[in-house]
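# Geometric and topological summary
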Amino acid sequence: MSAQMTLLHRLGRSLLGAVCGVAAHTALAAAPATAPVDPHFTKPFIDLQEWRDIPVRHRYVHGGFEGTDTRFSLYLPPKEQYEGRFFQYITPVPDSENLSQGKSGEEDKIGFAIASGAYLVESNGGGKEGMAVPGSGIDGTIGAYRANAAIAQYSRDVAKKFYETDARPWGYAFGGSGGAYRTIGGMENTSGVWDGAVPFVMGSPMAIPNVFSVRMHAMRILHDKFPQILDALEPGGSGDMYAGLNEEEAAALREVTGMGFPPGSWYAWETMGVHAFTVLYPPVKAMDPSYFSDFWSKPGYLGFKPPKSLLEARLQHQDTIKQVLSGADLYSMGIDLGHQAGASKAEEAKQKEQAKAALERSKGDKGTADKAWQAMEEKGAGTPVAIQLGKAPREVGFLGGDLVILSGAAKGKVLTVRALQGDLAIFGMADPKVLQQLQPGDEVRLDNSDFLALQTYHRHQVPGKEYSVWDQFRNDKGEPIYPQRPMLLGPIFTRGAAGTVPTGKFDGKMILLESLWDREAFPWQADWYRARVEEHLGGDIDNRFRLWMTDRALHGDHTQQDDPTQAVSYLGTLQQALRDLAAWVEEGIEPPANTSYRVVEGQVIVPETAAERHGIQPVVKVTANGAERAEIKAGKKVTLKAVIEVPPGTGTVSAAAWDLDGSGEFATRVDPSDLKVKNGKVTVKLKHRFEQSGTWFPVLRATSSRSGEADSPYAQIGNLGRVRVVVK
């Protein structure tokens, strides 16, 4: 193996582990076909057992395995609530075994498991061994699935003793993003450990870095066109999101849409940023270093004859460091990645409060599908996280780049910059030792040339024909139209999480969940895995596998989305899927049918009605004065009507509420007595007077549950509908 390929594999199994949850690895080996005691995990121990009453009464058990860094937490319900099963949460990256503590409501995994007759299992995924660094000699399968499998096995011994029974507990794993890779890796590489699994928001082996590169390419070119694009997509809009775009802009939108980015999810274009790409960026540079010179110097690459927009976006700013800043410095200044420096005093005060709130929220997001990658950017207390430059660089729509150190103790080093705010450069993933060497007066150059180059990297990573979204980069003969790089990076990242590239071959049963508005794991990728499963199961697939899509759901498993008037949580769907999986495995009760869908040019298209769509999510349609757009005079009333339909056999509507002012508070709740089913649908009406002129988007958010009641926070499955009201 060449030195370059060796570096490629090592980096792919370590530094990139956090992106979409890719776990760190240095070696990969096939798991045994059965599930004997793993020789690495032969000496389990328990160091804490106690009864706890928060969030609900349970027996807490903490322990690990001697000679390893692996630790676990078990949360066992009282004997009278136990129904003979466990749910095991698989984090996107090896993390803490205490993540579920302190949660409440729908996000409370402990309360949900116990309410479902299960004990909850969570782990640190092997600890330091799970995040193996290059050259460590540690078997990378520990973090991929072996640590979690050993804990699952031992938890059965603990449960049998605690509940005084010889019955083997049923076991079900669930994990999102990189946790989906790891959940599937565990199912495909072990036998007899888990009886079923619910992976969610999964990517494909070609997800990284391509879903990020094409997204950033579109963000750079379309940054000032998104308002008109969204207006066309909103209810009552033209429906033509390409109207008014020039040739370059239309091509960029067509490219990103063809790759699978859900157009409706652009509503968050101002705040979504580049997500985990700043974590990916340095290792990708190390893996394929010649790409960056090729991009600007060889035919077939966008940078060879760069368009005007690319030249205008290129920044090469030479300056000196005025001040080195810690995280505490930024927060004291009210600086957050979602806010801008240089505000008025009133705005600065507001920003400080928002920044503090954002910090608290981020603590609660630790280990989630959407935010686990941020752990890779943690630098420790007092470590510099930003610098203040001598002057603010020119505005280029900066999405990321490099800070090249030209003088001082760190001369010759290069640091990743994830954001610019005025004269502040905020770092991404970086070596703390280099950060500590920075001093005021050091000469630096801020350069985004390589970052710009990566924005079209996906064009040079054309995989096999099973990945049809890359057809736009093939000619009539099926050959790539752009120069191709020596290797495909995506499968290497996937091996880091799953232990192997997913094959679709597993024991047990599985319900796969995907979000239709996912910006980080484009929804067509669930269909890619379904096809792999079908290759192995053939006509038996419906007895072992389900795929449910959740409309208007994103990548993150949060109750409150970034804009609750646009997006919904998928946690209710996840919770119901776990319960349905248990009933399927233990009692043979078949779960609801697959979501009906088509994949058309990268987009997953679902039917308009719940009866045709299937799955388990309700469908909400809202009209104003009988149409998707109404024009009224200020002070006049408009009649709002919402029709809520639940897929057959999946329960009934449990709650509904209106948001009429865009606040996301949904303060106007529908009386439960008005949620009556007629002809399989629930219809609610409201007359509302808009006093102020402007364009308003009233929203009806509804949830359904199997019981039709909203008395429990769990398994409440949501969706929403919007309508346009123009007030003159």
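Here we summarise the structure given alongside this text. What you are looking at is a predicted structure, and each value in this text was computed from that prediction instead of being measured.

## Brief notes about the overall build of the protein chain
- Helices and strands together make up the secondary structure of the protein chain, namely 18 helices and 28 strands.
- In the protein chain, buried positions account for 59% of the 728 residues.
- By element, 49% of the accessible surface of the protein chain is carried by carbon and sulfur atoms, the whole surface being about 28,600 Å².

## Observations regarding helix α16 (residues 524-537)
- A rise of 1.5 Å per residue sets the reference length of α16, with its 14 residues, at 20 Å; its end C-alpha atoms lie 20 Å apart and thus fit the reference within 8%.
- Where burial is concerned, most of α16 is hidden: 10 out of the 14 residues are buried.
- Restricting attention to buried positions, one finds in α16 the residues W524, Q525, A526, D527, W528, Y529, A531, R532, V533 and L537.
- Immediately downstream of α16, the backbone of G538 shows phi near 55°, a positive value.

## Comments concerning a positive patch on the surface
- Residues K633, K636, K637, K641, K685, K687 and R689 make up a contiguous surface patch of positive charge.
- Ranked by residues supplied to the positive patch, first place goes to strand β24 (residues 681-689) with 3 residues.
- Its location among the elements puts R689 in strand β24.

## Remarks on the sheet that holds β24
- What the 4 strands build is an open sheet, ordered β18-β20-β24-β23; its pairing is antiparallel. The sheet terminates laterally at β18 (619-624) and β23 (677-678), the two strands that pair on one side only.
- Sheet topology places strand β20 (residues 637-645) next to β24; 9 bridges connect them, and they run antiparallel. Bridged to L640 within β24 is L686.

## A look at the packing of helix α3 (residues 141-163) against helix α4 (residues 178-189)
- Running from N to C, α3 and α4 cross one another at 65°; their axes reach a closest spacing of 9 Å. What the angle tells us is that α3 and α4 run roughly perpendicular. Our pair here, α3 against α4, has a crossing hand that is right-handed. Every residue of α4 that contacts α3 at G143, A144, Y145 and N148 is listed here: R182, G185, G186 and N189.
- Broken down by class, the residue content of the contact of α3 with α4 amounts to 2 nonpolar, 5 polar and 1 charged.

Quick notes on the rules
- Residues numbered from 1 in each chain as written.
- Predicted model: local features only at pLDDT ≥ 70, side-chain atom pairs only at ≥ 80, totals over all residues.
- Heavy atoms only, no water.
- Helix = DSSP H or I, 4+ residues; strand = E, 2+ residues; numbered from the N terminus.
- Buried < 20%, exposed > 50% of the residue type's maximum accessible area, 1.4 Å probe, protein only.
- Areas by Shrake-Rupley, 256 points an atom, 1.4 Å probe, with all protein chains shown as cover.
- Expected span 1.5 Å × (residues − 1).
- Patch = residues over 30% accessible without salt bridge, like charges linked within 9 Å, V, L, I, M, F, W, Y side chains within 5 Å.
- Salt bridge = Lys/Arg side-chain N within 4 Å of Asp/Glu carboxyl O.
- Lys, Arg positive; Asp, Glu negative; His and termini not counted.
- Charge placed at Lys NZ, Arg CZ, Asp CG, Glu CD.
- Pairing = 2+ DSSP bridges.
- Axes fitted to C-alpha atoms, helices over the stretch in contact; angles between N-to-C directions.
- Parallel < 35°, antiparallel > 145°, perpendicular 65-115°, else oblique.
- Left-handed = near helix turned anticlockwise from the far one by under 90°.
- Contact = heavy atoms within 4.5 Å.
- Nonpolar A, V, L, I, M, F, W, Y, C, P; charged D, E, K, R; others polar.

Function cannot be read off these values alone, since they describe shape.
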